[in-house]
Amino acid sequence: RREMDMCRDDPGRWSGQRLFETAYTISPYRYAIIGYPDIFNRLRRDDVVAYYREKYVPNNLFVVVAGAVRAASVFEQVEAAFAGSPARPLPATPLPAEPRQVAPREVTEEGAIELAHAHWSWHVPDARHPDLPLLDVLATVLGGGRSSRLFQEVREHRGLVTSIDAWTYSPGQAGLFGLSVVAEPGKFAQARDAVLGEIQRVRDAEISAAELDKAVKQFTAAFLATRKTMQGQAQDLGGNWISVGDLGYSERYLRAVREATPADLRRVALAYLTVDNRCQYAL
């Protein structure tokens, strides 16, 4: 319960949660992962035990091992660990597909906070779609670090925000392309116009080859940095499998990033970063 309260007390976490509740209407992605107090307060031990017995079955998990190991020994240990746990019926849990957004959504709420927290998002395809790597590169161009367009123009040159970044959310099914800012309340309107102006810029004209090359190198370095350790490699393999069922997904994803062109980035900006597909949440 205290952790739930901490989310409400943190304007960054709370505004992010509210963005997802605005962007998604029927998808379970709109719900807070930690849950909600009214539901949590009704839970009983039998509820938890029933959930455990239904979901925590051998045919609902996979094991990833990376490092200097002997494969035969790993198989022996896993088989021994699950020898007394046979597979059990596992009910299907289909996730509803989010319907296409056909008009912009804007939610603004007041809070007892000193700085304004705002997010913009646009719906993008699922993780298997070939446009996802291009959108990741576009997010890097717009808000990936201090040399990005948004940081330089909106924060450094115009002083309208205290922080700003661009991101992608690719959970498996259709995700989001997003921008997030923290700004002084009196500058929010100007910051919003400047942010959306930068979105229009990538729609109106192709980025330069040099800017693309820098973004690709930046994304590639960050991508590979998380895979330097055995833990990182295991997490990468597990993420590939649980998201798309393809152990080679990361390798092909990175290849697509390196093959991106300025025309590709403008095409995805025109396709997805539209007014009708936009959500705005501000606190």
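Attention in this report is confined to the structure presented alongside it.

Definitions and limits used
Residues numbered from 1 in each chain as written. Predicted model: local features only at pLDDT ≥ 70, side-chain atom pairs only at ≥ 80, totals over all residues. Heavy atoms only, no water. Helix = DSSP H or I, 4+ residues; strand = E, 2+ residues; numbered from the N terminus. Buried < 20%, exposed > 50% of the residue type's maximum accessible area, 1.4 Å probe, protein only. Contact = heavy atoms within 4.5 Å. Pairing = 2+ DSSP bridges. Axes fitted to C-alpha atoms, helices over the stretch in contact; angles between N-to-C directions. Polar contact = N/O pair within 3.5 Å; in protein donor to acceptor, adjacent residues only side chain to side chain. Left-handed = near helix turned anticlockwise from the far one by under 90°. Nonpolar A, V, L, I, M, F, W, Y, C, P; charged D, E, K, R; others polar. Lys, Arg positive; Asp, Glu negative; His and termini not counted. Salt bridge = Lys/Arg side-chain N within 4 Å of Asp/Glu carboxyl O.

Looking at the overall build of the protein
The helix and strand inventory of the protein stands at 12 helices and 5 strands. C-alpha extents for the protein along the principal axes are approximately 65 × 45 × 30 Å. Counting every position in the protein, which comprises 283 residues, the buried fraction comes to 39%. Within the protein, contacts between residues at least 6 apart in sequence are counted, and of these 79% link residues at least 24 apart.

Some details on the sheet that holds strand β4 (residues 175-183)
Taken together, the 5 strands give an open sheet; going across it, the order is β1-β5-β2-β4-β3, and neighbouring strands pair in mixed fashion. What marks the edges here is a single partner per strand, and that holds for β1 (105-108) and β3 (163-169). The sheet shows a mean angle of 10° between the axes of neighbouring strands, direction not considered. Sheet strands touched by helix α8 (residues 188-204): β2 (116-124), β3, β4 and β5 (278-282). Its angle to β2, the strand with the most contacts, is close to 25°.

Structural notes on the environment of Asp 47
Residue placement: Asp 47 occurs in helix α4 (residues 45-55). Exposure remark for Asp 47: the relative accessible area of 39% places this residue in the partly exposed category. Engagement of the side chain of Asp 47 in a polar contact is seen with the backbone nitrogen of Arg 44, the distance being 2.9 Å.

Section: the packing of helix α7 (residues 149-157) against α8
Two numbers describe how α7 lies on α8: the axes approach to 10 Å, and their chain directions differ by 145°. The hand of the α7/α8 crossing is right-handed. Touching Arg 149, Leu 150, Glu 153 and Val 154 of α7 are Ala 194, Val 195, Glu 198, Arg 201 and Val 202, all from α8. A breakdown of the residues in the contact of α7 with α8 according to their chemical character gives 5 nonpolar, no polar and 4 charged.

Description of the environment of Pro 37
Turning to its location among the elements, Pro 37 is positioned in helix α3 (residues 37-40). Expressed as a C-alpha distance, the spacing of Pro 37 and Asp 5, which sit 32 residues apart in the sequence, is 9.2 Å.

Observations concerning the side chain of Asp 136
Position of Asp 136 among the secondary structure elements: in helix α6 (residues 132-143). Buried charge without a partner: Asp 136 forms no salt bridge, and the closest opposite charge is Arg 227, 9.3 Å away. Only 2.5 Å separates the side chain of Asp 136 from the side chain of Thr 168, close enough to count as a polar contact. Beyond its immediate stretch of four places on either side in the chain, Asp 136 contacts Thr 168, Phe 219 and Tyr 253.

Details of the environment of Thr 22
In this fold, Thr 22 is placed in helix α2 (residues 11-23). Along the sequence, Thr 22 and Tyr 281 sit 259 residues apart, while their C-alpha atoms lie 7.4 Å from each other. Setting aside anything within four residues of it in sequence, one finds Thr 22 in contact with Arg 105, Val 107, Cys 279 and Tyr 281. Side-chain polar atoms of Thr 22 contact the backbone oxygen of Arg 18, separated by 2.9 Å.

Comments concerning the pairing of β4
Of all 9 residues in β4, 9 are buried, a share of seventy percent or more. Judged from the 9 bridges that link them, β2 and β4 form a sheet pairing that is antiparallel. Residue pairing in the sheet places Ser 121 in a bridge with Gly 178 of β4. Relative to β4, β3 runs antiparallel, the two sharing 7 bridges. What sits directly across from Thr 168, in β4, is Phe 177. Hairpin connection of β3 to β4: 5 residues between the antiparallel strands, including Gly 172 at a positive phi of 135°.

Thoughts on the pattern of salt bridges
Summed over all chains, the structure comprises 13 salt bridges. Here Lys 55 and Glu 54 are joined by a salt bridge, their closest N and O atoms 3.1 Å apart. Classification of Lys 55 by relative accessible area gives buried; the value is 18%. Connected via shared salt-bridge partners are Arg 18, Glu 21 and Glu 109.

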